[in-house]
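Residues per chain are reported as follows:
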Amino acid sequence: MVTITSSYTIIPNEPTPIGRLALSDNDQVASHSSKPNPQNHGLNMEILHPNEFTKDLTPAVDYTQPIEELPLLLVQVTRFHGNGTNDQGIVIGVSFSHPLCDGLSDIRFVNTWSKMARGGTLDIDELFPSLDRSIIKSPHPPSAPRFDHPELKPFPLMLGSSDNIIEQNKKTVAVTLKLTSEQVEKLKKKANDQSPKEGSRPYSRFEVIAAYIWRCASKARQLDQLQPTRLRYIVDIRNRLNPPLPQNYFGNAYSPTTTPKCYIGDIISKPLSYVAQQIREANDLIQNEYIWSQQDFIMSQEQVGDIRASFQFPGEHKKNSPFYGNPNISIGSWMHLKWYDADFGWGKPMNFGPTVVCPSDKAIIIRSLDDSVIISMHFQEAHMQLFTKFFWEEMLHSKL
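Residues numbered from 1 in each chain as written. Predicted model: local features only at pLDDT ≥ 70, side-chain atom pairs only at ≥ 80, totals over all residues. Heavy atoms only, no water.

Description of the overall build of the protein chain
- From N to C terminus, the protein chain includes 10 helices and 12 strands.
- By the burial criterion, 49% of the 400 residues in the protein chain qualify as buried.
- Once local pairs closer than 6 in sequence are excluded, the contacts in the protein chain between residues at least 24 apart make up 77%.
- Summed over its atoms, the accessible surface of the protein chain is roughly 20,200 Å², and 55% of this surface lies on carbon and sulfur atoms. (Helix = DSSP H or I, 4+ residues; strand = E, 2+ residues; numbered from the N terminus. Buried < 20%, exposed > 50% of the residue type's maximum accessible area, 1.4 Å probe, protein only. Contact = heavy atoms within 4.5 Å. Areas by Shrake-Rupley, 256 points an atom, 1.4 Å probe, with all protein chains shown as cover.)

Written out as structure tokens, the structure is:
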């Protein structure tokens, strides 16, 4: 149980600049929710499972307020005590409004803040982040999208269903799984040994881990072999635009992408390299022209809410809201986030991850301090036991 002992509103030491900061199209389609993530300093909690307890480690947001009253940033410091009075650990819970920035901007802000807290000298890019959202707006008047953009359209439904309301209503739970660097290399070797394309670049850690998760999820759901399925994930576009965005760009600089439509039978029975290749094809799509075509697609929508990243209040289920759960899956890669640099003077954090359970099937992949990989797996409760069974059986005992 977490007890709130005090609460403060930090007032800027200078007046807030007058005027509005325009949102890019990427900001417009970001979820209106906040991103609640904790960092654990000194607490012996290597594996953190999102549950009813951990959600209290990040500040609660009252979403019944008018949207203009929702806070942009909330921070909560939770101290844990041992048998005596000495602190046994500290958790810093941070909730950022998603239209404000993406995960990379989020972690850079926290790392800059921690650097100041321990008396470090800030670099020029840290002192003056790039806040100009206009550089990520389309350079030409809106036109017809040049690509089909399945990533922004409804995903496959369960065979025989006309909507996903039933799947939205099913309870999800979370478990945290840890792969050693040796186990990750085993996955990579298997996928790359099976690769049918000579001369192609080796599959990355993300590609093979995401492929393995998708296959285990497909097995656990026990669906029809002809059930269509897709995997969705987010790609950082800072270096994919021409010209590239400034590396200190603060905002939402990502594009969603999705694999081609696949079938459960193929995901389960074909080599891991086949599954990894579907994920690679989704990644390779995200280039300059495709990104600007996405912007045109967004601008062509009468209601961006129809394609906005899904966020729902407890018990609220919408027929037309984006839903990437069963029979599909969403994967988030946090492996590039340098969370371990957030040293406030107590040493490097021991743990970083989400605190709340996602409302639909999603895996979040995080790089650990020892170069192992942490997977925060959010999955329908009815299938979670089978998922973990297949995950470890294949990893430890059978050929991949």
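Things to note about the nonpolar core
- If you look at the biggest cluster of nonpolar residues, it comprises 52 residues, and the most contacted ones within it are I209, I213, I331, I375, M377 and F387.
- The leading source of residues in this core is helix α6 (residues 205–221), at 11 residues.
- Discounting chain neighbours no more than four positions away, the residues touching I213 are I329, I331, A363, I365, I375, M377 and F387. (Core = buried A, V, L, I, M, F, W, Y, C linked by side-chain atoms within 4.5 Å.)

Focus: the packing of aromatic side chains
- The final tally for this structure, using the stated rule, is 15 aromatic pairs.
- Summarising the aromatic geometry, the rings of Y212 and F391 are spaced 5.2 Å apart at their centres and angled 55° between planes, so their arrangement reads as tilted. Linking Y212 in helix α6 with F391 in helix α10 (residues 381–396), this pair joins segments that are 179 residues apart in sequence. The exposure classification of Y212 matches that of F391, with both residues buried. (Phe/Tyr/Trp six-rings, centres within 6.5 Å; stacked < 30°, edge-to-face > 60°.)

Focus: the packing of helix α5 (residues 181–194) against α10
- α10 packs onto α5 with a crossing angle of 80° between their chain directions and a minimal axis gap of 11 Å. It follows from the interaxial angle that α5 and α10 lie roughly perpendicular. Across the interface between the two elements, Q183, K186 and L187 from α5 touch W392, M395 and L396 from α10.
- Counted by class, the contact of α5 with α10 contains 4 nonpolar, 1 polar and 1 charged residues. (Axes fitted to C-alpha atoms, helices over the stretch in contact; angles between N-to-C directions. Parallel < 35°, antiparallel > 145°, perpendicular 65-115°, else oblique. Nonpolar A, V, L, I, M, F, W, Y, C, P; charged D, E, K, R; others polar.)

Description of the pairing of strand β4 (residues 172–179)
- Of all the 8 residues making up β4, 6 are buried; the element is thus mostly covered by neighbouring parts of the structure.
- Bridge count for β4 against strand β12 (residues 373–380) is 8 bridges, and the pairing is antiparallel. Bridged to V173 within β12 is F379. (Pairing = 2+ DSSP bridges.)

Focus: α5
- Compared with an ideal rise of 1.5 Å per residue, which puts 14 residues at 20 Å, α5 spans 20 Å between its outermost C-alpha atoms and is within 8% of the ideal.
- Of the residues making up α5, those classed as buried are Q183, V184, L187 and A191. On an axial view of α5, the arc spanned by its buried residues comes to 105°, and they lie on one face. Exposed side chains of α5 directed beyond 90 degrees from the buried face belong to E182, K189 and D193.
- Contacts from the buried residues of α5 go to β4, α6, α8 (272–285), β12 and α10. (Expected span 1.5 Å × (residues − 1). Arc of directions from axis to C-beta.)

Quick notes on the sheet that holds strand β9 (residues 329–333)
- Spatial ordering of the open sheet is given by β4-β12-β11-β9-β6-β7, a layout of 6 strands whose pairing is mixed. The sheet terminates laterally at β4 and β7 (254–258), the two strands that pair on one side only. Each adjacent strand pair in this sheet contributes to an overall mean axis angle of 20°, direction not counted.
- Examined bridge by bridge, strand β11 (residues 362–367) and β12 share 6 bridges and lie antiparallel to one another. By the bridge assignment for β12, I366 is matched with I374.
- Where α10 meets the sheet, it contacts β4 and β12, and its direction lies at approximately 15° from that of β4.

Observations concerning unusual backbone geometry
- Residue N242 is joined to P243 through a cis peptide bond whose omega torsion reads 5°.
- Here P243 is to be found in the loop between β6 (231–236) and β7.
- With an omega of 15°, the peptide bond between N326 and P327 qualifies as cis.
- Assignment of secondary structure puts P327 in the loop between α9 (288–299) and β9.
- Residue H149 is not a glycine yet carries a positive backbone phi of 60°.

Some words on the environment of P145
- Inspection of the secondary structure assignment puts P145 in the loop between α3 (124–127) and α4 (165–168).
- For the pair P145 and D296, spaced 151 residues apart in sequence, the C-alpha to C-alpha distance is 5.4 Å.
- With sequence-adjacent residues up to four places away left out, P145 is seen in contact with S293, D296 and F297.

Here's the deal with a nonpolar patch on the surface
- Where nonpolar side chains cluster on the molecular surface, the patch consists of L72, L73, V75, V77, F109 and W113 and spans about 490 Å² of accessible area.
- Put simply, the parts of the chain that give the nonpolar patch at least two residues each are β2 (73–81) and α2 (103–117).
- Summarising the element assignment, V77 is placed in strand β2. (Patch = residues over 30% accessible without salt bridge, like charges linked within 9 Å, V, L, I, M, F, W, Y side chains within 5 Å. Salt bridge = Lys/Arg side-chain N within 4 Å of Asp/Glu carboxyl O.)

Comments concerning the pattern of salt bridges
- Overall, the coordinates contain 23 salt bridges when judged by the stated rule.
- Across the pair K153 and D148 runs a salt bridge whose closest N-O atoms are separated by 2.7 Å.
- With relative accessibility at 32%, the residue K153 sits in the partly exposed group.
- Here the salt bridges share partners, and the residues they tie into one network are E52, K55 and D56.

Some details on the environment of T355
- Position of T355 relative to the elements: it lies in the loop between β10 (351–352) and β11.
- Overall, the relative accessible area of 0% leaves T355 in the buried class.
- The spatial distance from the C-alpha of T355 to the C-alpha of F53 is 8.5 Å, given a sequence separation of 302 residues.

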